[in-house]
Amino acid sequence: MKNIISANGLKKIYHRGSEDVHAVDGINFDAAPGQMTAIIGPSGSGKTTLLNILGCLDNPSEGTLSVGGEEIFGGKNELSEKKLTGIRRRNFGYIFQKFYLIPTLTVLENIMLPSAFYRNCEVCKTPKEVLKQLGIENRAGHFPAELSGGEMQRVAIARALINSPKILLADEPTGNLDSKRADEIKEILRSLASGGITVIMVTHNLDLAKAADRIVEIRDGKIV
Ligand code: ADP
Ligand code: MG
C-alpha cells in the first residue's frame, strides 16, 4: 500500500544558550492509510517534537517530509504558511492530552470552531455527525466544565474529525484518563483506523500501544 506519510532523515535541533539539543536526531518514518502506530519512549526523548513535525505544526532542521504524495519539507522551495495551513486542513486531525477545549463555549460550539476556518469544505462533517459518531450527542449544549475527562477527550476527538482527516495525530490521548475511559478511547481510535484513518499516537499507556499495528520506540531522538 502507498504511504500517506513519509519522512526521511528528520532532525530537529534546538539552540538553548550555548547548548544544541538534538530533539529529533535522524528519523525515518512511513505510515500507510489505516495504519495505527504507537510512539513510545521516555520523557524528553523527542516524541512530541516528532509528532509536531509529522503534523506540519513545526518544521524540521533537516530532512524531508511528504504527506499524501505532496512534498512539505525538504523541497527546493519552502512552503508558505498559507500552503502549510491548507495541507494541515486537508490532511490532519490533532488530539492533545490537555484537550484544549474553550471553557466559555458549549460542546457544539467547540466542535464548530474549526469549521469556521474552512471555506467551501466539501469533505467536512457536521458537528452533529461527529458528536453522534463519538456517542456524545446528548452533551451538545453542555460546557466543558460539566463533562467528565472521558467525555472531554471524546469532544476533542470529535473536533479533530470535523474535516474528515486522513491522518489523526494524538499526543498522549489517554494521559488524563482513568483506565476504563482510556479503554474507550483506545476502541475509538482503533475503529477510526479500521475505517481507513492513519492514526499516529504518542502514549505511555502500554495497553493502548499494544492495540496499535506497530510500536515505534524513541530514545534520544532516535528510533531504537
Ligand atoms: P517528549 O515528548 O518525548 O517528552 P519532547 O519532544 O517534548 O520530548 O522534547 C525533546 C527534547 O527537546 C527535550 O530535551 C526538550 O527539553 C527539548 N525541547 C522541546 N521543545 C523545545 C523548545 N521549544 N526549545 C528548546 N528545547 C526544546
Ligand atoms: Mg511529549
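As shown above, the structure is provided for reference.
Residues numbered from 1 in each chain as written. Chains lettered and ligands numbered in written order. Predicted model: local features only at pLDDT ≥ 70, side-chain atom pairs only at ≥ 80, totals over all residues. Heavy atoms only, no water.

Caption draft 1: View of the site of ligand 1. In the vicinity of ligand 1, the contacting residues are Tyr-14, Arg-16, Val-21, Ala-23, Pro-42, Ser-43, Gly-44, Ser-45, Gly-46, Lys-47, Thr-48 and Thr-49. At a separation of 2.7 Å, an oxygen atom of ligand 1 approaches a polar backbone atom of Gly-44. With respect to ligand 1, the backbone of Ser-45 contributes an N or O atom lying 3.1 Å from an oxygen atom. The set of elements that each furnish at least two residues to the shell around ligand 1 consists of strand 1 (5–16), strand 2 (19–31) and helix 1 (47–54). Here the shell around ligand 1 gets 3 residues from one element, more than from any other, and that element is helix 1. (Near = heavy atom within 4 Å. Polar contact = N/O pair within 3.5 Å; in protein donor to acceptor, adjacent residues only side chain to side chain. Helix = DSSP H or I, 4+ residues; strand = E, 2+ residues; numbered from the N terminus.)

Caption draft 2: Focus on the nonpolar core. Core analysis: the largest hydrophobic core is formed by 35 residues, its most contacted members being Leu-168 and Leu-189. Taken together, the elements giving at least two residues each to this core come down to strand 3 (36–40), helix 3 (107–112), helix 4 (127–133), helix 5 (149–161), strand 7 (167–171), helix 6 (179–194), strand 8 (198–202) and helix 7 (206–210). The element contributing the most residues to this core is helix 5, with 6 residues. For Leu-189, the residues in contact, after removing those within four places along its chain, are Met-36, Ile-95, Leu-168, Pro-173, Val-199, Met-201 and Leu-208. In this structure, Phe-29, Leu-50, Leu-51 and Ile-72 belong to the second largest nonpolar core, which totals 28 residues. (Core = buried A, V, L, I, M, F, W, Y, C linked by side-chain atoms within 4.5 Å. Buried < 20%, exposed > 50% of the residue type's maximum accessible area, 1.4 Å probe, protein only. Contact = heavy atoms within 4.5 Å.)

Caption draft 3: Focus on the sheet that holds strand 3. Strand order in the open sheet made by the 6 strands is 6-7-8-3-9-10, with mixed pairing throughout. Because the sheet does not close on itself, it has two edges, and the strands there are strand 6 (92–96) and strand 10 (222–223). With 4 bridges joining them, strand 3 and strand 8 adopt parallel strand pairing. Residue Met-36 lies in a different strand from strand 8, and its bridge partner there is Val-199. Sheet strands touched by helix 1: strand 3, strand 6, strand 7, strand 8 and strand 9 (214–219). Its angle to strand 7, the strand with the most contacts, is close to 160 degrees. (Pairing = 2+ DSSP bridges. Axes fitted to C-alpha atoms, helices over the stretch in contact; angles between N-to-C directions.)

Caption draft 4: The arrangement of the sheet that holds strand 1 in detail. The 4 strands are arranged 2-1-4-5 in an open sheet whose pairing can be described as antiparallel. Both outer strands of the open sheet, strand 2 and strand 5 (70–73), are each paired with one neighbouring strand and no more. For this sheet the average axis-to-axis angle between neighbouring strands, irrespective of direction, equals 30 degrees. Inspection of the sheet shows strand 1 paired to strand 2 by 10 bridges, in the antiparallel sense. Paired with Tyr-14 across the strands is Val-21, a residue of strand 2. Helix 1 contacts strand 1, strand 2, strand 4 (62–67) and strand 5 of the sheet and is inclined by roughly 125 degrees relative to strand 1. Most of the contacts of helix 2 (residues 81–91) go to strand 5, to which it runs at about 125 degrees, and overall it touches strand 4 and strand 5.

Caption draft 5: Focus on helix 5. Its 13 residues place the ends of helix 5 19 Å apart at the C-alpha level, agreeing with the 18 Å of an ideal helix rising 1.5 Å per residue. The buried fraction of helix 5 amounts to 11 of the 13 residues, a majority that puts the element mostly inside the structure. Within the span of helix 5, buried status applies to Gly-150, Glu-151, Gln-153, Arg-154, Val-155, Ala-156, Ile-157, Ala-158, Arg-159, Ala-160 and Leu-161. Those residues of helix 5 that are buried are in contact with strand 6, helix 3, helix 4, strand 7 and helix 6. (Expected span 1.5 Å × (residues − 1).)

Caption draft 6: Seen up close, the packing of aromatic side chains. Taken as a whole and assessed by the stated rule, the structure comprises 3 aromatic pairs. Ring geometry for Tyr-94 against Phe-96: centres 6.4 Å apart, planes inclined by 10 degrees, an arrangement best described as stacked. An aromatic cluster of at least three residues, connected via ring pairs, comprises Phe-92, Tyr-94, Phe-96 and Tyr-100. The cationic tip of Arg-214 hangs over the ring face of Phe-29; the distance from NZ or CZ to the ring centre is 4.9 Å. (Phe/Tyr/Trp six-rings, centres within 6.5 Å; stacked < 30°, edge-to-face > 60°. Lys NZ or Arg CZ within 6 Å of the ring centre and 35° of its normal.)

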